[in-house]
Amino acid sequence: MVIETRIKPKISTDFIKSDGSHGTRGKAEDWQTVRNRIFDRLRCMLSVSELNVHLLRGVTAYNVAAYDPALKYFNEAVKTHPELAEEIRPHIRICKRVLSIAMTKEDISYHEKLEKWKSVPRFFKFFKRLPDLKIRCKYCGHYTSYIDPEEPFPIWNRNNCEICSRSYPVPDFAWDGIDGQAYIYYRGSVSEKEFYKEFEEEYDVS
């Protein structure tokens, strides 16, 4: 039995911007640059041709909650480029968590309706109503209504899973990365204690 040993990365209130200057987590400058920072780091690790092979396909699949293909692409990316492991570790963890959760009867029913709609020839899709857009929550793994992860004001459960009630249930590659989670942690953007516990299990915030 192989036991994974890993030193938890230290995440402080200080972060480095793409231009090399420093900023403070949880502030406006942090929120405004989260998306750029993760992709700038990835571009520094890989050439343009390497980015298009597995990683970007994984990002695309991940952002539409296609967790199974996303996990396969991410694993292939790490296999060929081990330096990516820590950067996409949060996304791999989320994919594995969702895929380990059995779907309920309601989940299966919605999934079958969606797959049936996908099989309709493109021309006839115009006449056949698309089922209400739902995705598998990145926390509980059950289908919930799609809400834009960039929705800025998650008040009155406007951006919460309908099943587990956790905030921001829709996967987003940038916000689910290290910087995005650190912003949420230091900003205190969500109310559920589970998020902070999970973050502290993965990162050294002492």
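Predicted model only: the values in this text are computed from it and were never measured.

### Considering the pattern of salt bridges
- What the rule picks out here adds up to 17 salt bridges.
- The closest approach of N and O atoms between lysine 79 and glutamate 76, which form a salt bridge, is 3.2 Å. With lysine 79 and glutamate 76 both in helix H4 (residues 67-80) and 3 residues apart, the pair spans about one turn of that helix.
- Taking the relative accessible area as the measure of exposure, lysine 79 reaches 62% and is therefore exposed.
- Note on glutamate 76: relative accessible area 30%, which makes it partly exposed.
- Residue glutamate 202 is joined to arginine 89 by a salt bridge in which the shortest nitrogen-to-oxygen separation is 3.2 Å.

### Here we look at the layout of surface pockets
- Its volume calculated, the second largest pocket comes out at about 430 Å³.
- Contributing to the lining of the second largest pocket are 23 residues, with Val64, Ala65, Leu114, Lys118 and Tyr143 lying nearest its centre.
- If you list the elements that add at least two residues to the lining of the second largest pocket, you get H4, helix H6 (105-118) and strand S3 (134-136).
- Among the elements that take part in the lining of the second largest pocket, H6 stands out by supplying 6 residues, more than any other.
- Classifying every residue of the lining of the second largest pocket gives 16 nonpolar, 2 polar and 5 charged.

### Focus on H4
- In a regular helix each residue adds 1.5 Å, so 14 residues correspond to 20 Å; H4 covers 20 Å between its end C-alpha atoms and thus fits that length.
- All of the buried residues in H4 are Tyr67, Ala70, Leu71, Phe74 and Ala77. Looking straight down H4, one finds that the buried residues subtend no more than 125 degrees of arc, so they occupy a single side. Residues of H4 that are exposed and point over 90 degrees away from its buried face: Lys72 and Lys79.
- In the core, the buried residues of H4 are packed alongside helix H3 (55-63), helix H5 (89-99) and S3.

### As for the nonpolar core
- Ranked by size, the top nonpolar core spans 41 residues in total, and within it Leu55, Phe74 and Phe173 carry the most contacts.
- Breaking this core down by element, the ones donating at least two residues are helix H1 (28-45), H3, H4, H5, helix H8 (178-187) and helix H9 (193-202).

### Remarks on the packing of H4 against H5
- Interhelical geometry of H4 versus H5 gives an angle of 140 degrees and a closest axis separation of 9 Å. Note on packing geometry: the crossing formed by H4 with H5 is left-handed. Facing H4, whose interface residues are Tyr67, Asp68, Ala70, Leu71, Phe74, Asn75 and Val78, H5 presents His91, Ile92, Ile94, Cys95, Lys96, Val98 and Leu99.
- A breakdown of the residues in the contact of H4 with H5 according to their chemical character gives 10 nonpolar, 2 polar and 2 charged.

Rules used in this analysis
Residues numbered from 1 in each chain as written. Predicted model: local features only at pLDDT ≥ 70, side-chain atom pairs only at ≥ 80, totals over all residues. Heavy atoms only, no water. Salt bridge = Lys/Arg side-chain N within 4 Å of Asp/Glu carboxyl O. Helix = DSSP H or I, 4+ residues; strand = E, 2+ residues; numbered from the N terminus. Buried < 20%, exposed > 50% of the residue type's maximum accessible area, 1.4 Å probe, protein only. 1 Å grid on protein atoms, 1.4 Å probe; cavity = no way out; pocket = protein on both sides within 12 Å on 5 of 7 lines; lining within 4 Å. Points joined across faces, edges and corners; volume = space filled by probe spheres on them. Nonpolar A, V, L, I, M, F, W, Y, C, P; charged D, E, K, R; others polar. Expected span 1.5 Å × (residues − 1). Arc of directions from axis to C-beta. Contact = heavy atoms within 4.5 Å. Core = buried A, V, L, I, M, F, W, Y, C linked by side-chain atoms within 4.5 Å. Axes fitted to C-alpha atoms, helices over the stretch in contact; angles between N-to-C directions. Left-handed = near helix turned anticlockwise from the far one by under 90°.

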